[in-house]
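# Structural features, examined
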Amino acid sequence: MKKQAHVLITAAVCLTAALFTLSAESRAYSRDPGERVYQKNSLYNNICVHQNESVVTLTFGRAARGGVQSQADVHDPRRHMLEYTRMTFCGLLYHSEPNAILVLGLGGGVIPRELRHYFPEATIDVAEIDAEVLRVAREYFHFKEDAKLKVHVEDGRMFVRKRLRDKGAKYDMVILDAFTSEYIPYHLMTREFLEQVKGILAEEGVIVANVFYTDRLFEAELATFMSTVGDCQVYLGFDSGNAMIVAAGEVLTPQQAAGRATALQSKHGFSFDLVAVAQMLEPDITPGESAIVLTDDRAPVNWLRSQPSARRRAAP
């Protein structure tokens, strides 16, 4: 009995130690949104803001505790609360010093705010269709625009189309983040749209798309990217159903990704571990044989979202 008790105690101690040595990134997400401090039905979203001490949470949709769009600690803006905002920085592994960045979708403004912090000389454009989202980001998330960071209240595809007319407008990095857990604007994921994005991309530019890999829409999105922009790579989240599709005209091995991440971490001193992001690379992912290419006249997004995927992320 004493031996069994010793084993049980040892196991408990090991388990407790493992739980406490989880990275701060894994523990960051606050699952208790706290008190609702704002709610409004805008033209495009049912917007809710909850606050739990210094942590504010933005949700879109009907479920107050689901569909988290943004989360931030207003007392510690460098703290990344959600896994996907850290994952977005995987684009830097392909273009380490972007001078011009376009982000489609604002949310609480965490991604453009952090890019502005780490790349102060870069110009950053954000296209956000909902003026009320911009107002919420300013008021509750302390998001600020300046001479180099500008938000354009406009549909993302229309914004890209206008930039196409300006032959000199080229971006080193385009981040597609205009999606929520309840609504996917299909016109921002078709082959025709990606062709337009290619038209505003600099010669060595990179596209990073935040998507979900838990349903069959992911297969279609990956197939659409590969048929339009060529080779792509995928980073799968550990703590969420988020994935990043990266199109950069370059394919990295896990070792190359880790090496570049180590160098960038040392140079910029990110508040999160970019090497851990690099380890999310799944180099062998390809779309299934039945995956369709999404086009303007054939994009059954809602049906694909309702079909679960057999793809699962292995534990780290």
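Here, the structure is the one placed above.
Throughout what follows, the structure given in this document is the object of discussion. (Residues numbered from 1 in each chain as written. Predicted model: local features only at pLDDT ≥ 70, side-chain atom pairs only at ≥ 80, totals over all residues. Heavy atoms only, no water.)

## Quick word on the nonpolar core
Buried together is how nonpolar side chains tend to be arranged in soluble globular proteins. Residues Leu 93, Tyr 94, Leu 115, Tyr 235 and Leu 274 are the most contacted members of the largest nonpolar core, which totals 56 residues. Among the elements that line this core, the one with the most residues is helix H5 (residues 131-140), at five residues. When residues no more than four places from it in sequence are discounted, the contact partners of Leu 115 are Phe 89, Ile 101, Val 103, Ile 124 and Ile 175. (Core = buried A, V, L, I, M, F, W, Y, C linked by side-chain atoms within 4.5 Å. Buried < 20%, exposed > 50% of the residue type's maximum accessible area, 1.4 Å probe, protein only. Helix = DSSP H or I, 4+ residues; strand = E, 2+ residues; numbered from the N terminus. Contact = heavy atoms within 4.5 Å.)

## Considering the sheet that holds strand S12 (residues 281-282)
Here eight strands make up an open sheet; going across it, the order is S7-S6-S5-S8-S9-S11-S10-S12 and the pairing mixed. Here the strands that pair on one side only, and so sit at the sheet edges, are strand S7 (149-153) and S12. Here strand S5 (residues 100-104) pairs with strand S6 (residues 123-128) via five bridges, running parallel. By the bridge assignment, Ala 100 is partnered in S6 with Thr 123. (Pairing = 2+ DSSP bridges.)

## A word on a nonpolar patch on the surface
Together, Leu 43, Tyr 44 and Ile 129 line one region of the surface with nonpolar side chains, adding up to about 350 Å² of accessible area. Relative accessible area serves as the criterion here: at 45%, Tyr 44 is assigned to the partly exposed category. (Patch = residues over 30% accessible without salt bridge, like charges linked within 9 Å, V, L, I, M, F, W, Y side chains within 5 Å. Areas by Shrake-Rupley, 256 points an atom, 1.4 Å probe, with all protein chains shown as cover. Salt bridge = Lys/Arg side-chain N within 4 Å of Asp/Glu carboxyl O.)

## Concerning the pairing of strand S3 (residues 55-60)
Among the six residues in S3, six count as buried, and that is most of the element. Alternating positions in S3 separate into two faces, Val 55, Thr 57 and Thr 59 on one and Val 56, Leu 58 and Phe 60 on the other, with burial throughout. Pairing analysis gives six bridges linking strand S2 (residues 46-52) to S3, with the strands arranged antiparallel. Residue pairing for S3: Ile 47 is matched across the bridge by Phe 60. Remark: two residues form the turn of the hairpin made by S2 and S3, two consecutive strands paired antiparallel; Glu 53 in that turn has positive phi of roughly 55°. Across five bridges, the pairing between S3 and strand S4 (residues 68-73) is antiparallel. Directly across from Val 56, in S4, lies its bridge partner Ala 72.

## Things to note about the packing of helix H6 (residues 156-165) against helix H7 (residues 191-199)
Interaxial distance between H6 and H7 falls to 9 Å at its minimum, and their mutual angle equals 45°. Our classification of the angle between H6 and H7 gives oblique. Our pair here, H6 against H7, has a crossing hand that is left-handed. Mapping the contact onto sequence places Arg 157, Val 160, Arg 161 and Leu 164 in H6 and Glu 192, Phe 193, Gln 196, Val 197 and Gly 199 in H7. Class assignment of the residues belonging to the contact of H6 with H7 gives a composition of four nonpolar, two polar and three charged. (Axes fitted to C-alpha atoms, helices over the stretch in contact; angles between N-to-C directions. Parallel < 35°, antiparallel > 145°, perpendicular 65-115°, else oblique. Left-handed = near helix turned anticlockwise from the far one by under 90°. Nonpolar A, V, L, I, M, F, W, Y, C, P; charged D, E, K, R; others polar.)

## A short note on the pattern of salt bridges
Taken as a whole and assessed by the stated rule, the structure comprises 14 salt bridges. Residue Glu 114 is joined to Arg 113 by a salt bridge in which the shortest nitrogen-to-oxygen separation is 3.0 Å. Its relative accessible area of 0% is what places Glu 114 among the buried residues. The exposure class of Arg 113 is buried, given its relative accessible area of 15%. Here the residues in one salt-bridge network are Lys 40, Glu 132, Arg 135 and Glu 139, joined through shared partners.

## Details of the sheet that holds strand S1 (residues 35-41)
If you walk across this open sheet you meet the four strands as S1-S2-S3-S4, and the pairing is antiparallel. Where the open sheet ends on each side, the last strands, each with one partner, are S1 and S4. Each strand axis lies, on average, 15° off the axis of its neighbour in the sheet, ignoring direction. Here H5 sits on the sheet in contact with S1, S2 and S3, set at roughly 160° to S1.

## Things to note about empty space enclosed by the protein
This model, assessed by the stated rule, comprises three cavities of 30 Å³ or more. Of the pockets and cavities examined, the largest cavity occupies roughly 40 Å³. Going through the elements one at a time, helix H3 (83-87) and helix H4 (110-118) are the ones with two or more residues in the lining of the largest cavity. Counting residues per element, the lining of the largest cavity draws most heavily on H4, at three residues. A breakdown of the residues in the lining of the largest cavity according to their chemical character gives six nonpolar, five polar and one charged. As a volume, the second largest cavity reaches approximately 40 Å³. Lining the second largest cavity, in full, are Leu 176, Phe 179, Leu 188, Met 189, Leu 194, Ala 209, Val 211, Glu 221 and Phe 225. Within the residue set of the lining of the second largest cavity, elements represented by two or more residues are strand S9 (201-212) and helix H8 (217-229). (1 Å grid on protein atoms, 1.4 Å probe; cavity = no way out; pocket = protein on both sides within 12 Å on 5 of 7 lines; lining within 4 Å. Points joined across faces, edges and corners; volume = space filled by probe spheres on them.)

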